[in-house]
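Per-entry structural report
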Amino acid sequence: MKTVTSIDDLRILHKRRVPRAFFDYCDRGSYAEETLDANRADLKALKLRQRVMVDVSNRSTETTILGEKAAYPFALAPTGLTGMQHADGEILAARAAEKAGIPFCLSTMSICSIEDVAAGTTKPFWFQLYVMKDRGFAKSLVERAIAAKCSALVLTLDLQVQGQRHRDIKNGMTVPPRVTLANLIDVATKPDWAFKVLRSPRKTFGNLDGHVKGMSGVKSLGQWISGQFDPALNWDDVAWIRSIWPGKLVLKGVLDVGDARKAAATGAEAIVVSNHGGRQLDGAPSAISTLPRIVDAVGDRTEIIFDSGVRSGQDVLRALALGAKSCLIGRAFLYGLGAAGEAGVSKAIEIIGKEFDVSMALTGRRNVGEIDETVIDRG
């Protein structure tokens, strides 16, 4: 870790140490990956306005996210199959976030269950919910999040129908890994990953396995998952979730101003401007290009969190300059996890945090509250 200086360095290590199917699942997007590429290109196109001769000796990166203190204006995003990047991945990532003083969000499609993560941490975390066709099961997930004292529920809106990810099909990506000659050869070249993950008792979807009535075995569980994302999901379901969830509610997956207004009207404490990291509707605009319009429309009514494409502290600064209050970090922390477990996640947080601090200083800002649109160089 001493020679790792960037998220790109962690990505290279991740690619070397994790089987191709799981690296590609993390790294790539849907269809032709136009939106995946646009997320990065449009963030990079935003140039920062350098300022000099400003006293920035007394700086702070601290802020609040959903009313809670955070060391930096970013949190770890909900990511599926995190425990396949490294054994017990969700627990390790949650611990790294806790030590860094930032929120962690657990995905419905995690390998470690809600209860596993609660047992492995000391502070409340967020839980991300997919509302599936089986509303009774969805309700049980909410009840388990309440029992685990989760501090926020993040309801994902943009996965009624799953976008096709070509790499997953080509790699034959399954959970647990499908036994094929190609996969066996690939796994054989990653002995550390194989020793830790394949020996772990957690090798399937922890929030689902053992909790789904009438299902037995990995194959039937996988079939249930593929048929459970609900194309009938609508705003009435948000009201239903509100009626059974007593805490803070975050609506994730908003790109359209009209949808943002509807989301704010639900009374949600925050909305996440996101295109699912370029993994759903390919050809959709980059998340950063839609952020200013959504901030203008509803930024005074609900907290705005930015997601999709963040790989650096400069990206966090750019998003805050355009009106977001905080960001979600997804692939960047997964690269760290795949590279070196909990230490790698801590390194990813450290890298982005230091980049944010330095970039804030070099744009003449001393704290998060001073960041505004004038940080961007408009020429």
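Residues numbered from 1 in each chain as written. Predicted model: local features only at pLDDT ≥ 70, side-chain atom pairs only at ≥ 80, totals over all residues. Heavy atoms only, no water.

1. Some thoughts on the sheet that holds strand β10 (residues 326-329)
Rules: Two strands make a pair as long as DSSP finds a minimum of two bridges between them. A run of H or I in DSSP counts as a helix once it spans at least four residues, and a run of E counts as a strand once it spans at least two, with each numbered from the N terminus. We call two residues in contact whenever any of their non-hydrogen atoms come within 4.5 Å of each other. Axis definition: a line fitted to C-alpha atoms, over the contacting stretch in the case of helices. Angles run 0 to 180 degrees between N-to-C directions.
Within the open sheet, the eight strands sit side by side as β3-β10-β9-β8-β7-β6-β5-β4. Their pairing is parallel. Of all strands in the sheet, those with a lone pairing partner are β3 (74-76) and β4 (105-106), marking the two edges. Note: strand β8 (residues 270-273) against strand β9 (residues 303-306), four bridges, orientation parallel. Paired with V273 across the strands is F306, a residue of β9. Against the sheet, helix α11 (residues 235-244) touches β5 (126-129), β6 (152-156) and β7 (248-254), its axis set at about 160° to β7. Contacts from helix α13 (residues 287-298) reach β7, β8 and β9, with the element oriented near 180° to β9.

2. Quick word on helix α8 (residues 181-188)
For clarity, the threshold we go by: Residue exposure (1.4 Å probe, protein chains only): buried if accessible area is under 20% of the type maximum, exposed if over 50%, otherwise partly exposed. The arc in question is formed by the directions pointing from the helix axis toward the C-beta atoms.
Within the span of α8, buried status applies to N183, D186 and V187. Buried residues of α8 fall within an arc of 95° about the axis and therefore sit on the same side. Turned more than 90 degrees from where α8 packs its buried face, L181, I185 and A188 sit exposed. On its buried face, α8 sits against α2 (20-27), α7 (166-171) and α9 (191-199).

3. Brief notes about the layout of surface pockets
Empty space among the atoms becomes visible once a probe the size of a water molecule is rolled across them. Our working definition: Definitions used throughout: a 1 Å grid over protein atoms alone; a cavity as a set of points that fits a 1.4 Å probe which cannot get out; a pocket as an open set with protein on both sides within 12 Å along at least five of seven lines; a lining residue as one with an atom within 4 Å of a point. Grid points are joined across faces, edges and corners, and a volume is the space filled by probe spheres set on the points. Polar here means any residue other than Ala, Val, Leu, Ile, Met, Phe, Trp, Tyr, Cys and Pro, which are nonpolar, and Asp, Glu, Lys and Arg, which are charged; Gly is therefore polar.
In this model, the second largest pocket occupies a volume close to 420 Å³. What lines the second largest pocket is a set of 21 residues, among which L157, D158, Q160, G253 and D259 lie closest to the centre. Per-element tally for the lining of the second largest pocket: the top contributor is α11, with three residues. Classifying every residue of the lining of the second largest pocket gives 11 nonpolar, six polar and four charged.

4. Quick word on helix α1 (residues 7-17)
Along an α-helix, residues three or four positions apart point the same way, because every turn accommodates 3.6 residues. Taken as a whole, α1 has its buried residues at I7, L10, L13 and H14. Angular distribution of buried residues about the axis of α1 spans 120°; they occupy a single face of the element. α1 presents D8, K15 and R16 as exposed residues on the side facing more than 90 degrees away from its buried surface. Buried positions along α1 lie against α2 and α15 (331-362).

5. Describing the pattern of salt bridges
Inclusion rule: Between Lys or Arg on one side and Asp or Glu on the other, a salt bridge is scored when a side-chain nitrogen of the former is within 4 Å of a carboxyl oxygen of the latter.
All told, the structure shown has 22 salt bridges when counted by the stated rule. For E350, the salt bridge identified is with K354, shortest N-O distance 3.3 Å. Taken as a pair, E350 and K354 lie in helix α15 at a separation of four residues, close to a single helical turn. Linking R366 and E370 is a salt bridge whose minimum nitrogen-to-oxygen distance equals 3.3 Å. Look at R366 and you get partly exposed, because its relative accessible area is 33%.

6. Observations concerning empty space enclosed by the protein
Applying the stated criterion across every chain, the model contains five cavities of 30 Å³ or more. Volume-wise, the second largest cavity comes out at about 50 Å³. If you trace the second largest cavity, you find it lined by Y130, V131, T156, L159, Q160, F229, D230 and L233. Along the lines of polarity and charge, the residues of the lining of the second largest cavity split into five nonpolar, two polar and one charged.

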